[in-house]
Amino acid sequence: MELPRAPRINPSILAADFVNMQADLAKIATADFAHVDVMDNHFVPNLTFGPQMVERIQATSPIPLDVHLMITDPERWAPEYAEIGAASVTFHLEAADEPVALARRLRDIGSRAGVAVKPATPVESLFEVLDEFDQILVMTVEPGFGGQSFMPETMPKLRALAEEARRRGSRVWLQVDGGISDRTIEIASSAGADTFVAGSAVYGADDIEAAVTRLRDLARAASLEA
């Protein structure tokens, strides 16, 4: 029997102090990736970072960047984030004209290629192309803002992806983002997630390093019990 993969904790810097970004990045050095939400005020009703800011974050972060593009026209912009040096670049299925071709381009540049789906987007179209992606992000809130409540109704979709990945022997990472806390991380891990984006659960904690460790331990325990 294959042992579950070690869970990955990717703190969202959307919950960090933007004025003291370098210091807040240093606080998550024991995490796996720094999750960077890029929003363009078109695909989602919010505006955050652009390539220049992400390049500066890349230069100061002690851990690799996991860039999540909530933008229109990812075919045009996603490769730029890979060229900056982001370890992982995830674009939205709903925004991409040719998701497989874009994923291949990101891999050619040297980044891990991820695809994200909103809560209402079906995932069955991804079954036949699972291994074209390194990561599938199941949004557990509507994308656009931090601090929202976890949507348990997204878990059947996550389970379906996990079951299909097991059936095919795929090593794709299954990520969740939105409302991840001490309580909900166990729900998502039991459903098959192995990579977790957490914002306020990390940056809102008194001891950030301890929060990262606790979330990882809770996810690991839940995966073993599933």
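Please refer to the structure higher up on the page.
Here we summarise the structure given alongside this text. Since the structure is predicted, the reported quantities are computational estimates derived from the model, not experimental observations.

## Some thoughts on the sheet that holds strand 3 (residues 65-70)
Strand order in this open sheet of eight strands is 1-8-7-6-5-4-3-2, and the pairing throughout is parallel. At either end of the open sheet lies a strand with only one pairing partner, and these are strand 1 (8-11) and strand 2 (34-39). Across the sheet, the mean angle separating the axes of adjacent strands is 25° when strand polarity is ignored. Examined bridge by bridge, strand 6 (residues 135-139) and strand 7 (residues 173-177) share five bridges and lie parallel to one another. Looking at strand 7, one finds that Ile-136 is bridged to Leu-174.

## Re the pairing of strand 5 (residues 112-117)
Of all six residues that make up strand 5, five are buried, and the element is covered over most of its length. Bridge analysis of strand 4 (residues 88-92) against strand 5 gives five bridges, and the strand direction is parallel. Note on strand 5: the bridge partner recorded for His-92 is Ala-116. Since strand 4 and strand 5 lie parallel, the crossover through helix 4 (residues 99-109) that links them has a hand, and here it is right-handed. As paired elements, strand 5 and strand 6 share four bridges and run parallel to each other. Bridge assignment links Val-117 to a residue of strand 6, and that residue is Val-138.

## Notes on the nonpolar core
With 63 residues, the main nonpolar core has Ile-13, Ile-28, Val-36, Val-67 and Phe-196 as its most contacted residues. Counting residues per element, this core draws most heavily on helix 5 (residues 155-168), which supplies five residues. Once residues within four sequence positions are removed from consideration, Ile-28 is found in contact with Pro-11, Ala-34, Ile-63, Val-202, Tyr-203 and Ile-208. In this structure, Met-39, Phe-43, Val-44 and Ala-95 belong to the second largest nonpolar core, which totals five residues.

## Some thoughts on unusual backbone geometry
With phi around 65°, Asn-41 is a residue other than glycine that occupies positive phi space. Here Asn-41 is to be found in the loop between strand 2 and helix 2 (51-60). Residue class for Asn-41 comes out partly exposed when judged on its relative accessible area of 45%.

## Thoughts on the pairing of strand 1
Burial of strand 1 is two-sided: the residues Arg-8 and Asn-10 facing one way and the residues Ile-9 and Pro-11 facing the other way are all buried. Relative to strand 8 (residues 195-198), strand 1 runs parallel, the two being bridged by four bridges. Across the sheet, residue Ile-9 finds its bridge partner in strand 8, namely Phe-196.

Cut-off values and rules
Residues numbered from 1 in each chain as written. Predicted model: local features only at pLDDT ≥ 70, side-chain atom pairs only at ≥ 80, totals over all residues. Heavy atoms only, no water. Pairing = 2+ DSSP bridges. Helix = DSSP H or I, 4+ residues; strand = E, 2+ residues; numbered from the N terminus. Axes fitted to C-alpha atoms, helices over the stretch in contact; angles between N-to-C directions. Buried < 20%, exposed > 50% of the residue type's maximum accessible area, 1.4 Å probe, protein only. Right-handed = clockwise from strand over helix to strand, strands pointing away. Core = buried A, V, L, I, M, F, W, Y, C linked by side-chain atoms within 4.5 Å. Contact = heavy atoms within 4.5 Å.

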